[in-house]
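Summary of structural features
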Amino acid sequence: MGYLAGDDGHLASLFVSDFLLFPKQNTKKMKEENALADAVGASSNAFLICLSELIMPFDEVFPTHFNTLSRNPFPHVLIEQALLQLGGGSIEGSKFAKQVLTAAGWRHASVVSYGKYPEEAATAFNKVRLVLVDDPNAEQLMQRLAAA
C-alpha cells in the first residue's frame, strides 16, 4: 500500500491491484504462454507466406519497377522468363511472350521499352500474372487472356 496526497492536502491510500503483482510461478507461466503465442504467430505467418507463394507465384508488378535498377529481378522479368519457357524458348518463346503481352494489353512495338509506358506495362504484366496462377500451358494461357 502507498500514499498519495490529494488536492486538499489529505493523504489518500493507494492500493496496487493483485493482478499487477505476480508470484514467481505465474511470471514463468506467462513467459511460457507468450513464447507459445509467438511460436504460433510465427508458424501462422510462415504458413500464409507458403500459401501465398502456392497461390501466386509472382509478386505484383508496379510501374516503378520499369525505371528502377535492382540486383534482384523484378516480377516482370520473372514473368517474361516464364513466358519464354512456356513458349518453347529461343525465337518461338520470344514470339509467344510478345503475343501474350499483346493479348494482355501491351500495344507497343517490341522496340519500345516498358519504361516508356510503365502503367500500361504493369497492367499487362499483372493480367498475365493472374492467368499464370494455375500454371496453364501455352494454349490455355492465350484462351484465358482472351476471356479476361
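That block above? That's the structure.
If you're wondering where the values come from, they're calculated on a predicted model, not measured in any experiment. (Residues numbered from 1 in each chain as written. Predicted model: local features only at pLDDT ≥ 70, side-chain atom pairs only at ≥ 80, totals over all residues. Heavy atoms only, no water.)

Considering the nonpolar core
Ile 79, Leu 83, Val 128 and Leu 141 are the most contacted members of the largest nonpolar core, which totals 21 residues. Counting residues per element, the ones that place at least two in this core are helix H2 (75–86), helix H3 (90–104), helix H4 (118–131) and helix H5 (138–147). The element best represented in this core is H4, accounting for 6 residues. Discounting residues that sit within four places of it in the chain, Leu 83 has contacts with Gly 93, Phe 96, Ala 97, Val 100, Val 128 and Leu 141. (Core = buried A, V, L, I, M, F, W, Y, C linked by side-chain atoms within 4.5 Å. Buried < 20%, exposed > 50% of the residue type's maximum accessible area, 1.4 Å probe, protein only. Helix = DSSP H or I, 4+ residues; strand = E, 2+ residues; numbered from the N terminus. Contact = heavy atoms within 4.5 Å.)

Section: unusual backbone geometry
One can expect most non-glycine residues to show negative phi and most peptide bonds to be in trans. A positive phi angle is found at Ser 90, which is not glycine, with a value near 55 degrees. Here Ser 90 is to be found in helix H3.

Concerning the side chain of His 65
Topologically, His 65 is positioned in the loop between helix H1 (24–55) and H2. By relative accessible area, His 65 is classed as buried at 13%. Not counting chain neighbours up to four residues away, the residues in contact with His 65 comprise Glu 60, Phe 74, Pro 75 and His 76.

What is shown is where atoms sit, not what they do.
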